[in-house]
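Residue-level structural notes
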Amino acid sequence: MTADPRMPEGYEISADPARIDATKVHRWLSTDAYWALGRSRETQDRAIAGSLNFGVYDTVTGDQVAYARVITDRATFAWLCDVYVDPAVRGKGLGTAMVTAVREEVRGHGVRRVLLATHDAHEVYARLGFRPLERPDEWMALIFEQR
């Protein structure tokens, strides 16, 4: 999964967990992502280990420039989370291309439903086929206090 026609020239996407720059991903999320501020490195490493991970890489330098992870059973359900694009490369369509590739990857597993939560990117995800829950009153959450 390295060549994707929707990926802007000069970038590639990979689901190879060995390519994930865990230090960079942790820095991005724990210092700049409203949903993960202060997340510990240990927690982030466990999240990476238990998920299907995607990275976008500069094809010249090999540097990772974006990240997303999916929690999934690879059969019926997936949760897309931790979608992040380095501020230095935002505006090039990398996030859209990455989420499109993720969507197609989980679709290929037969997943029926992909959920996500967003505070400020509803329009971006709507362009990729996501929509508000049809029956939000049927969904519930169990929230644990952070220790």
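Here goes a summary of the coordinates provided. The structure presented is a predicted model; accordingly, all values stated were derived computationally and were not measured.

About the criteria used
- Residues numbered from 1 in each chain as written.
- Predicted model: local features only at pLDDT ≥ 70, side-chain atom pairs only at ≥ 80, totals over all residues.
- Heavy atoms only, no water.
- Phe/Tyr/Trp six-rings, centres within 6.5 Å; stacked < 30°, edge-to-face > 60°.
- Buried < 20%, exposed > 50% of the residue type's maximum accessible area, 1.4 Å probe, protein only.
- Lys NZ or Arg CZ within 6 Å of the ring centre and 35° of its normal.
- Pairing = 2+ DSSP bridges.
- Helix = DSSP H or I, 4+ residues; strand = E, 2+ residues; numbered from the N terminus.
- Axes fitted to C-alpha atoms, helices over the stretch in contact; angles between N-to-C directions.
- Salt bridge = Lys/Arg side-chain N within 4 Å of Asp/Glu carboxyl O.
- Patch = residues over 30% accessible without salt bridge, like charges linked within 9 Å, V, L, I, M, F, W, Y side chains within 5 Å.
- Areas by Shrake-Rupley, 256 points an atom, 1.4 Å probe, with all protein chains shown as cover.
- 1 Å grid on protein atoms, 1.4 Å probe; cavity = no way out; pocket = protein on both sides within 12 Å on 5 of 7 lines; lining within 4 Å.
- Points joined across faces, edges and corners; volume = space filled by probe spheres on them.
- Nonpolar A, V, L, I, M, F, W, Y, C, P; charged D, E, K, R; others polar.
- Expected span 1.5 Å × (residues − 1).
- Contact = heavy atoms within 4.5 Å.

1. Brief notes about the packing of aromatic side chains
Throughout the structure, instances matching the rule amount to three aromatic pairs. Ring geometry for tyrosine 34 and tryptophan 35: centres 5.1 Å apart, planes at 85°, overall edge-to-face. A residue is classified by how much of its surface remains accessible, and tyrosine 34, at 42% relative accessible area, is partly exposed. Residue tryptophan 35 is classed as partly exposed on the basis of its relative accessible area of 36%. Across from the ring centre of tyrosine 57, 4.0 Å away, lies the NZ or CZ of arginine 19, which sits over that ring. A cation over an aromatic ring shows up here: arginine 90 above the ring of tyrosine 84, its NZ or CZ 5.1 Å from the ring centre.

2. Points about the sheet that holds strand E1 (residues 11-14)
Strand order in the open sheet formed by five strands is E1-E2-E3-E4-E5, with mixed pairing between adjacent strands. With partners counted over all chains shown, the strands left at the sheet margins are E1 and strand E5 (113-115), one partner each. Averaged over all pairs of adjacent strands, the angle between their axes in this sheet comes to 20°, without regard to strand direction.

3. Considerations on the pattern of salt bridges
The final tally for this structure, using the stated rule, is 11 salt bridges. The partner of arginine 19 in a salt bridge is glutamate 12, and the shortest N-O contact between them spans 3.0 Å. Here the salt bridges do not stand alone but share partners, grouping Arg39, Arg69 and Asp82 into one network.

4. Considerations on a nonpolar patch on the surface
A cluster of nonpolar side chains, contributed by Ile71, Phe77, Trp79, Leu133 and Trp139, occupies part of the molecular surface with about 410 Å² of accessible area. Tracing the backbone through its elements, the reader meets isoleucine 71 in strand E3 (residues 64-72).

5. Here's the deal with the layout of surface pockets
Where empty space is left can be seen by rolling a probe of water-molecule size over the atoms. Taken as a whole, the largest pocket encloses approximately 1,300 Å³ of empty space. Considering the residues around the largest pocket, the lining is formed by 42 residues, among which Trp35, Cys81, Asp82, Val83 and Ala117 are closest to the centre. Within the residue set of the lining of the largest pocket, elements represented by two or more residues are helix H2 (41-49), E3, strand E4 (77-85), helix H3 (94-108) and helix H4 (122-127). For the lining of the largest pocket, the leading source of residues is E4, giving seven residues. Grouping the constituent residues of the lining of the largest pocket by class yields 26 nonpolar, eight polar and eight charged. Put simply, the parts of the chain that give the lining of the second largest pocket at least two residues each are H3, E5 and H4. For the lining of the second largest pocket, a count of residues per class yields 14 nonpolar, three polar and eight charged.

6. Notes on H3
Taking 1.5 Å of rise per residue, the 15 residues of H3 would be expected to cover 21 Å, and the 21 Å separating its terminal C-alpha atoms lies within 8% of that figure. All buried positions along H3 are accounted for by Leu94, Ala97, Met98, Val99, Thr100, Ala101, Val102 and Val106. Contacts made by the buried residues of H3 are with E1, strand E2 (52-58), E3, E4, E5 and H4. Note on H3: the residue one or two positions beyond its end, glycine 110, has a positive phi of about 90°.

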